[in-house]
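Structural characterization, general
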Amino acid sequence: MSRLPLTVGIIANPASGRDVRRLTANAGLFSSTDKVSVIQRLLAAFGATGVERVLMPTDMTGIAAAVLKNSHGRQARDSHWPTLEFLDLTLRQSVADTRQAARWMAERGVSLIAVLGGDGTHKAVAAEVGDIPLLTLSTGTNNAFPELREATSAGLAGGLFASGRIPPEIALRRNKRLLVRIPSRDLCEVALVDVAVSSLPFIGARAISRGIDLAEVFVTFAEPQSIGISALCGLWFPVSRQAPNGAWMRLDPQSPEALLVPLAPGLLQGCGVLAAASLEPGVAHRLCLSSGTLALDGEREIEFNADDLPTVTLDSGGPLSIDVNAALAYAAQERLLAIGREHPQHPLNLAL
């Protein structure tokens with residue numbers, strides 16, 4: 001019986017880093033060319049760590065086409081890129097494309113999926129792949145779940161894990177999540193970072209750009225250096241990714257205490273703070289408003305009223321992700337990237 005090639009997936013959201021906040025704030029543009037460069041650095045790292053095949057979806061912005069073209073070049077040969085296989089999707093140019101690609105990769109039995117996108121992209125992939133680990137790379141606007149890091153080092157960590165050289169208990173981190181339930185609709189939605197309760201009655205443009213529109217915020221974690229809604233807790237009641245609890249805040253523009261928060265790059269808003277506390281796992285919280293909208297991971301998705309009030313619950317069963325720092329620390333300790341004289345990248349061979 002022949003052995004299946006060691007396979008990982010790469011999903012790059014073509015729309016991430018290109019949303020309306022380029023107009024409403026001063027967010028930078030993460031172009032398709034930038035994403036191609038990130039993918040090529042991943043491919044070099046995957047090839048160096050034993051990954052044999054990479055699955056990617058097609059797209060309408062030229063990302064897959066550029067990667068395919070460059071795979072025939074000298075750089076790809078010298079870096080020993082894995083074999084590429086592309087899924088020819090029926091593209092809808094929506095989150096459905098991301099979900100479809102993630103399901104396809106899960107069915108093909110990938111060991112890992114590298115995700116290029118923001119919080120929403122990672123949430124969409126996580127919803128489809130169960131316990132397949134995610135290698136998270138930030139290419140969105142307000143990113144909290146995917147950490148900003150160099151793709152080469154992230155690819156080395158992911159490739160060493162996928163090839164079985166780093167044990168799961170070292171390389172993997174189980175993330176928290178927020179469950180939003182509306183029993184009257186038989187609805188349960190998931191957020192990986194934050195759920196914001198807004199007085200705005202309609203979904204509209206989705207992003208929340210004014211502090212006065214926020215009434216309540218729930219977060220799985222909140223870091224002081226964050227940008228976006230989770231920055232509210234990060235700058236007032238921070239909680240780490242590793243902590244078992246989350247955090248909660250209630251807001252009112254009339255409150256005597258206020259906080260200046262970067263809701264988007266270059267967009268600073270004052271938010272009145274009424275209260276803040278720890279969010280304990282397994283406890284369902286009712287909302288402070290009887291009607292409005294809920295933003296999950298930065299975008300308004302749910303309208304609610306007094307007849308179908310949601311609850312928000314912190315849960316420890318979120319997706320698995322590669323802990324790049326821990327994985328590379330283990331690689332250093334075990335000398336996993338040591339190479340022998342016969343290796344083409346050995347300095348003596350390069351000097352010839």
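Up top you'll find the structure we're talking about.
Residues numbered from 1 in each chain as written. Predicted model: local features only at pLDDT ≥ 70, side-chain atom pairs only at ≥ 80, totals over all residues. Heavy atoms only, no water.

1. Some remarks on the overall build of the protein chain
When its secondary structure is counted, the protein chain shows 11 helices and 18 strands. For the protein chain, the C-alpha radius of gyration of 21 Å lies close to 20 Å, the compact-globule estimate for 352 residues. Each principal axis of the C-alpha distribution contributes one length, and for the protein chain these read about 70 × 45 × 40 Å. The burial tally for the protein chain puts 51% of its 352 residues in the buried class. Accessible surface computed for the protein chain: about 15900 Å², of which carbon and sulfur atoms make up 53%. Between the mean site of the 31 positive side-chain charges and the mean site of the 34 negative ones, the protein chain shows a separation of 5 Å. (Helix = DSSP H or I, 4+ residues; strand = E, 2+ residues; numbered from the N terminus. Rg over C-alpha atoms; globule rule 2.2 N^0.38 Å. Buried < 20%, exposed > 50% of the residue type's maximum accessible area, 1.4 Å probe, protein only. Areas by Shrake-Rupley, 256 points an atom, 1.4 Å probe, with all protein chains shown as cover. Lys, Arg positive; Asp, Glu negative; His and termini not counted. Charge placed at Lys NZ, Arg CZ, Asp CG, Glu CD.)

2. Let's talk about the pairing of strand 11 (residues 246-251)
Where burial is concerned, most of strand 11 is hidden: five out of the six residues are buried. Two elements, strand 10 (residues 214-219) and strand 11, share four bridges in a ladder whose sense is antiparallel. When the bridges of strand 11 are listed, Val219 appears paired with Ala247. For strand 11 and strand 13 (residues 267-279), the ladder comprises six bridges, and the chain directions are antiparallel. (Pairing = 2+ DSSP bridges.)

3. Brief notes about the side chain of Thr293
Mapped onto the secondary structure, Thr293 falls in strand 15 (residues 292-296). When its relative accessible area of 0% is taken as the criterion, Thr293 is described as buried. Reaching out from Thr293, the side chain makes a polar contact with the backbone oxygen of Leu200 at a distance of 2.9 Å. With near-sequence residues (within four places) excluded, Thr293 lies in contact with Ala196, Val197, Ser198, Leu200, Pro201, Phe202, Ile203, Arg300, Ile302, Glu303 and Phe304. (Polar contact = N/O pair within 3.5 Å; in protein donor to acceptor, adjacent residues only side chain to side chain. Contact = heavy atoms within 4.5 Å.)

4. Some words on the sheet that holds strand 7 (residues 177-182)
A sheet is described by the order of its strands in space; here four strands give the open sequence 8-7-17-14, paired in antiparallel fashion. The open sheet terminates on both sides in strands that have one partner only, identified here as strand 8 (187-191) and strand 14 (285-286). One ladder, built from two bridges, connects strand 14 with strand 17 (residues 311-315); its direction is antiparallel. In the strand pairing of strand 17, His285 is matched with Val312.

5. A word on the packing of helix 7 (residues 151-162) against helix 10 (residues 324-333)
The geometry of helix 7 relative to helix 10 is characterised by a closest axis approach of 9 Å and an angle of 70° between their N-to-C directions. With respect to their mutual orientation, helix 7 and helix 10 come out roughly perpendicular. Contact residues: Ser153, Ala154, Leu156, Ala157 and Leu160 in helix 7; Val324, Ala327, Leu328 and Ala331 in helix 10. A breakdown of the residues in the contact of helix 7 with helix 10 according to their chemical character gives eight nonpolar, one polar and no charged. (Axes fitted to C-alpha atoms, helices over the stretch in contact; angles between N-to-C directions. Parallel < 35°, antiparallel > 145°, perpendicular 65-115°, else oblique. Nonpolar A, V, L, I, M, F, W, Y, C, P; charged D, E, K, R; others polar.)

6. Let's talk about the nonpolar core
If you look at the biggest cluster of nonpolar residues, it comprises 38 residues, and the most contacted ones within it are Ile10, Ile39, Leu42, Phe46, Val54 and Leu135. Leave out the neighbours within four places in its chain, and Leu135 touches Leu42, Phe46, Leu112, Ile113, Ala114, Val115, Ala154, Gly155, Gly158, Ile322 and Val324. Listed in part, the 21 residues of the second largest apolar core include Ile208, Ala231, Met249 and Val261. (Core = buried A, V, L, I, M, F, W, Y, C linked by side-chain atoms within 4.5 Å.)

7. Structural notes on helix 5 (residues 95-107)
Counting along an α-helix, one turn takes 3.6 residues, and residues three or four places apart therefore face a common direction. If you check helix 5, its first and last C-alpha atoms are 19 Å apart, about what 13 residues at 1.5 Å a residue would give, namely 18 Å. Restricting attention to buried positions, one finds in helix 5 the residues Ala96, Asp97, Thr98, Ala101, Ala102, Trp104 and Met105. Residues of helix 5 that are buried sit in contact with strand 1 (7-12), strand 2 (53-57), strand 3 (83-87), strand 4 (113-117) and helix 6 (119-129). Among the residues trailing helix 5, Gly109 stands out with phi positive, at a value near 75°. (Expected span 1.5 Å × (residues − 1).)

8. Overview of the sheet that holds strand 9 (residues 194-198)
Think of a sheet as strands paired side by side through backbone hydrogen bonds, with each pair either parallel or antiparallel. In spatial order, the strands read 12-13-11-10-9-15-16; together these seven strands make up an open sheet with antiparallel pairing. Both edges of this open sheet fall to strand 12 (258-264) and strand 16 (299-304), since each of them pairs with a single strand only. Each neighbouring strand pair of the sheet contributes to a mean axis angle of 35°, computed without reference to strand direction. By the bridge criterion, six bridges tie strand 12 to strand 13 in an arrangement that is antiparallel. Pairing of Leu260 across the sheet is with Gly270, part of strand 13.

9. Quick look at the environment of Val273
Here Val273 shows up in strand 13. Judged by its relative accessible area of 3%, Val273 is buried. What Val273 contacts, discounting residues up to four positions off in sequence, is Trp236, Met249, Arg250, Leu251, Asp252, Ser255, Glu257, Ala258 and Leu259.

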